[in-house]
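Listed below are the residues making up each chain.
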Amino acid sequence: MSDKMYELAIIGAGPAGIAAAVECYLLGMRDIILIEKDENHNATIRKFYKDNKRVDKDWKGQKVDLDGNIYFIDGTKESTLDFFDEVIAKHSVELKTHTEVQKIQKNDDHFEVMITGGSIKAKHAVVTIGRMGKPNKPDYKIPSSIKKRVAYTLESCSLDEKVMVVGGGDSAIEYAVDLAHKNDVTICYRRENFRRANPTNQKDIAEALEREDVCAILGVNITALEEDNGKVKVVLDEGEAETYDRVIYAIGGTTPSAFLGSSGIEIEDGKPVHDENYMSNVEGLYVAGDITQESGGSIALGLNHGYAIANHILKV
Ligand SMILES: Cc1cc2nc3c(=O)[nH]c(=O)nc-3n(C[C@H](O)[C@H](O)[C@H](O)COP(=O)(O)OP(=O)(O)OC[C@H]3O[C@@H](n4cnc5c(N)ncnc54)[C@H](O)[C@@H]3O)c2cc1C
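If you're wondering where the values come from, they're calculated on a predicted model, not measured in any experiment.

### Topic: the pattern of salt bridges
Point 1. Summed over the entire model, instances satisfying the criterion amount to 17 salt bridges.
Point 2. Between Lys123 and Glu7 there is a salt bridge; the shortest N-O distance is 3.0 Å. Taken together, the positions of Lys123 in strand S8 (residues 118-127) and Glu7 in strand S1 (residues 5-11) put the pair 116 residues apart, joining distant regions of the chain.
Point 3. Between Lys47 and Asp38 there is a salt bridge, with its nearest N and O atoms 2.8 Å apart.
Point 4. Residue Lys47 is classed as partly exposed on the basis of its relative accessible area of 33%.
Point 5. In this structure Asp38 comes out as buried when scored by relative accessible area, which is 16%.
Point 6. Three or more residues are tied together by salt bridges with common partners; here these are Lys53, Arg54, Asp56 and Glu174.

### Comments concerning the nonpolar core
Point 1. Core analysis: the largest hydrophobic core is formed by 34 residues, its most contacted members being Leu8, Ile10, Ile32 and Ile299.
Point 2. Looking at this core, the elements that each hand over two or more residues are S1, helix H1 (15-26), strand S2 (32-35), helix H3 (77-90) and helix H7 (299-313).
Point 3. Leu8 has contacts with Ala20, Cys24, Met29, Asp31, Ile32, Ile33, Ala122, His124, Ala125, Val126 and Ile313, leaving out every residue within four places of it along the chain.
Point 4. Listed in part, the 23 residues of the second largest apolar core include Tyr175, Leu179, Tyr189 and Ile248.

### Thoughts on the site of the ligand
Point 1. Neighbouring the ligand are 32 residues; Glu36, Thr44, Tyr49, Asp56 and Asp290 lie closest to it.
Point 2. For the ligand, an oxygen atom lies 2.6 Å from a polar atom in the side chain of Glu36.
Point 3. Here an oxygen atom of the ligand sits 2.6 Å away from a polar atom, N or O, in the side chain of Thr44.
Point 4. Coverage of the ligand by the protein amounts to 95% of the 1000 Å² it exposes when considered alone.
Point 5. Only H1, helix H2 (43-48) and strand S3 (54-55) provide two or more residues apiece to the shell around the ligand.
Point 6. Per-element tally for the shell around the ligand: the top contributor is H2, with three residues.
Point 7. Of the residues belonging to the shell around the ligand, the class tally is 14 nonpolar, 11 polar and seven charged.

### A word on the domain arrangement of the chain
Point 1. Per the domain assignment, the segments of the chain are domain 1 (5-133 + 253-313) and domain 2 (144-249).
Point 2. On a C-alpha basis, the centroid separation for the pair domain 1 and domain 2 is 31 Å.
Point 3. The interface is formed by nine residues belonging to domain 1 together with 13 residues belonging to domain 2.
Point 4. Counting each side, the surface lost to burial between domain 1 and domain 2 is near 920 Å², with a carbon and sulfur contribution of 50%.
Point 5. The largest share of the area that domain 1 buries against domain 2 comes from Phe48, Lys50 and Arg54, three residues that together contribute 53% of it.

### Focus on the pairing of strand S7 (residues 111-115)
Point 1. Counting buried positions along S7 yields four of five residues, so the element is predominantly enclosed.
Point 2. Bridge count for strand S6 (residues 101-106) against S7 is five bridges, and the pairing is antiparallel. Bridge assignment links Lys106 to a residue of S7, and that residue is Phe111.
Point 3. Counting the residues that bridge the hairpin from S6 to S7 gives four residues.

### A short note on the sheet that holds strand S11 (residues 184-189)
Point 1. With parallel pairing, five strands are arranged side by side in an open sheet as S9-S16-S10-S11-S12. Bordering the open sheet on either side are strand S9 (150-151) and strand S12 (214-218), each of which pairs with just one other strand.
Point 2. Strands in contact with helix H4 (residues 170-179) are strand S10 (162-166), S11, S12 and strand S16 (246-249); relative to S10, the strand with the most contacts, it is inclined by about 165 degrees.
Point 3. Contacting S11 and S12, helix H5 (residues 199-210) crosses the sheet at an angle of about 110 degrees to S12.

Parameters and conventions
Residues numbered from 1 in each chain as written. Predicted model: local features only at pLDDT ≥ 70, side-chain atom pairs only at ≥ 80, totals over all residues. Heavy atoms only, no water. Salt bridge = Lys/Arg side-chain N within 4 Å of Asp/Glu carboxyl O. Helix = DSSP H or I, 4+ residues; strand = E, 2+ residues; numbered from the N terminus. Buried < 20%, exposed > 50% of the residue type's maximum accessible area, 1.4 Å probe, protein only. Core = buried A, V, L, I, M, F, W, Y, C linked by side-chain atoms within 4.5 Å. Contact = heavy atoms within 4.5 Å. Near = heavy atom within 4 Å. Polar contact = N/O pair within 3.5 Å; in protein donor to acceptor, adjacent residues only side chain to side chain. Areas by Shrake-Rupley, 256 points an atom, 1.4 Å probe, with all protein chains shown as cover. Nonpolar A, V, L, I, M, F, W, Y, C, P; charged D, E, K, R; others polar. Domains from an automatic or database assignment. Buried area = accessible area lost by both parts, 1.4 Å probe. Pairing = 2+ DSSP bridges. Axes fitted to C-alpha atoms, helices over the stretch in contact; angles between N-to-C directions.

Have a look at this one:
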């Protein structure tokens, strides 16, 4: 492993990580490395957004004025990924993919970013690993015989299946409405309505229910999944159990507490402790993006965090 000392190492190449890298570059910093465990940047967008998904700048109705230099606007999954491709290429940021960081260790005057088989040294470090590396899972056990039929993204879905989508937020609604074009879809949500979703998704799901493209089971909880001839039997706390070809959970993600804890970052109320500049309790080690948010941030928020961090590191 090289002994090179980077000015900045960023862990996680999602919107917040890319913004931290690019904004530091624009303020004159060089030797920036953006480390990503997946095969390319933005694994969350690639894996969890359905194809052609509409990407809203003001996601979930959170109105965000962009502070920095990355001009992000509404688009689609594909246009957003192309946009970030261009942003990275234009600013000569070194993107190191297929590299999972295990933890960050603080030495006297630098950080040692621990990866399989070695480490990368940097004077400053930013953790932007998001929450979707660990999507939320139900607390009941999923029998191993049906695990292949239970998923957290649309990757495994095919055609003409009977599918249950679990959840009632924006992601669940988008999954249900999209799958309904080619499948028989039921959405199951513990609340009585979809008021948490943004207005467009509320309208989309209302229309899909009206057309009977999607069926809804509201105000009930799933208590168990069981195998039924190789398929998934969904048992509810109220009403009849029903069997599906596939069950997709879209119930958010979890704070990567083990990673943060092993890097010395304190966690309070499920979020890493940080000051107004997104610096954690470890001097010179920053946190940004979704991991700093109670439940779900947004691309625009992540971009603003990256800008704030760049300004703080470079003392603008
Ligand atoms: C289905 C869905 C739809 C959404 N739609 C919208 C929308 O329309 N508009 C909007 O603004 N927001 C939307 N969001 C939210 C948005 O995607 C997130 O707020 C945003 O991606 C958060 O950016 P981030 O940089 O904090 O983390 P992420 O985008 O999650 O990026 C984290 C990156 O870190 C990498 N990583 C994780 N652990 C490690 C490790 N140990 N080592 C190295 N790399 C690691 C991951 O592979 C990933 O690439 C949506 C989210 C979902 C799930």
